[in-house]
Amino acid sequence: MSEFEQMYREVILDHYKSPRNHGLLDPNDAVAEGQNPLCGDEVTVSVRFGDGDTIESVGFEGRGCAISQAATSMLTDLVRGRSAQEVAVMSKEELLDEIGIPLSPVRLKCALLGMGVLKIALHKGKGTPLPEEWGTSSGDISVN
């Protein structure tokens with residue numbers, strides 16, 4: 001393992017052990033829940049908007065593997081201050097670059113769970129478009 005990968009593994013463990021923005025917001029402007037039925041990871045994301053559609057605060061709760069929880073923690077830091085529209089079209093590569101280590105296909109679904117749930121919350125709260133890849137028809141994410 002390279003020194004670079006080791007550094008990112010430590011960042012992931014830090015986000016898992018001390019998640020940023022952990023806890024649901026009350027009051028909130030939008031909330032969504034999702035789970036990965038293949039591995040049992042669960043994430044609930046809540047959002048509060050500031051001026052217009054700017055994401056003022058985002059919080060989450062969940063349970064599951066270190067990758068799903070750390071990636072959601074990293075995501076909450078990444079999107080605060082951005083517009084709902086900008087985040088709605090944010091590519092999964094942006095989050096994967098932030099995670100910084102190669103992931104197997106199974107771990108990829110874990111890492112992207114929080115992003116999918118956040119995009120659903122933005123859709124509920126601001127009517128942002130929901131990209132087809134984040135839909136529930138594939139069964140990769142089940143939402144409430």
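Reading guide: rules and limits
- Residues numbered from 1 in each chain as written.
- Predicted model: local features only at pLDDT ≥ 70, side-chain atom pairs only at ≥ 80, totals over all residues.
- Heavy atoms only, no water.
- Salt bridge = Lys/Arg side-chain N within 4 Å of Asp/Glu carboxyl O.
- Helix = DSSP H or I, 4+ residues; strand = E, 2+ residues; numbered from the N terminus.
- Core = buried A, V, L, I, M, F, W, Y, C linked by side-chain atoms within 4.5 Å.
- Buried < 20%, exposed > 50% of the residue type's maximum accessible area, 1.4 Å probe, protein only.
- Contact = heavy atoms within 4.5 Å.
- Expected span 1.5 Å × (residues − 1).
- Bend = angle between axes of the 7 residues up to and from the residue.
- Phe/Tyr/Trp six-rings, centres within 6.5 Å; stacked < 30°, edge-to-face > 60°.
- Lys NZ or Arg CZ within 6 Å of the ring centre and 35° of its normal.
- Polar contact = N/O pair within 3.5 Å; in protein donor to acceptor, adjacent residues only side chain to side chain.

Caption draft 1: Spotlight on the pattern of salt bridges. Inspection of the entire model under this criterion finds five salt bridges. Notably, a salt bridge pairs D77 with R80, separated by 3.1 Å at the nearest N-O pair. The shortest N-O distance in the salt bridge between R82 and E94 comes to 2.4 Å. Placement of R82 in the loop between α2 (66-79) and α3 (84-88) and of E94 in helix α4 (residues 92-99) is noted, with a sequence separation of 12 residues between them. Sharing partners across several salt bridges, the network here consists of R82, E86 and E94.

Caption draft 2: Summary view of the nonpolar core. Counting 34 residues, the largest nonpolar core has V47 and L118 as the members making the most contacts within it. When residues of this core are traced back to their parent elements, those giving at least two are α1 (3-17), β1 (30-35), β2 (42-49), β3 (55-63), α2, α3, α4 and α5 (105-126). When residues in this core are grouped by element, the largest group, 10 residues, is from α5. Excluding its chain neighbours within four sequence positions, the residues that come into contact with L118 are V45, V47, V58, L75, V79 and V87.

Caption draft 3: Local environment of unusual backbone geometry. A cis amide bond links D26 to the next residue, P27, at an omega of 10°. Among the structural elements, P27 can be located in the loop between α1 and β1. You will see that N21, though not glycine, has its phi angle at about 60°, which is positive. Here N21 is to be found in the loop between α1 and β1.

Caption draft 4: Quick peek at the environment of I120. Looking at the element boundaries, I120 is found in helix α5. Given a relative accessible area of 6%, I120 falls into the buried group. On a C-alpha basis, the gap between I120 and A88 in space is 8.7 Å, while along the polypeptide they are 32 residues apart.

Caption draft 5: Structural detail: α5. Under the 1.5 Å per step criterion, the end-to-end length of α5 is 31 Å for 22 residues, consistent within 8% with the ideal 32 Å. A bend of about 40° at L112 is the largest found in α5.

Caption draft 6: Structural detail: the packing of aromatic side chains. Evaluation of the coordinates by the stated rule reveals zero aromatic pairs. Lying over the aromatic face of F49, K126 brings its terminal NZ or CZ to 4.9 Å of the ring centre.

Caption draft 7: Structural detail: the side chain of H15. Topologically, H15 is positioned in helix α1. At 2.7 Å, the side chain of H15 and the side chain of S73 are in polar contact. Setting aside residues up to four positions removed in sequence, H15 forms contacts with R20, A70, S73, M74 and D77.

Caption draft 8: The arrangement of the environment of A121 in detail. Within the element layout of this structure, A121 appears in helix α5. Along the chain, A121 and S2 lie 119 residues apart, while their C-alpha atoms are 37 Å from each other. Once residues within four sequence positions are removed from consideration, A121 is found in contact with A30, V31, A32, V45 and V47.

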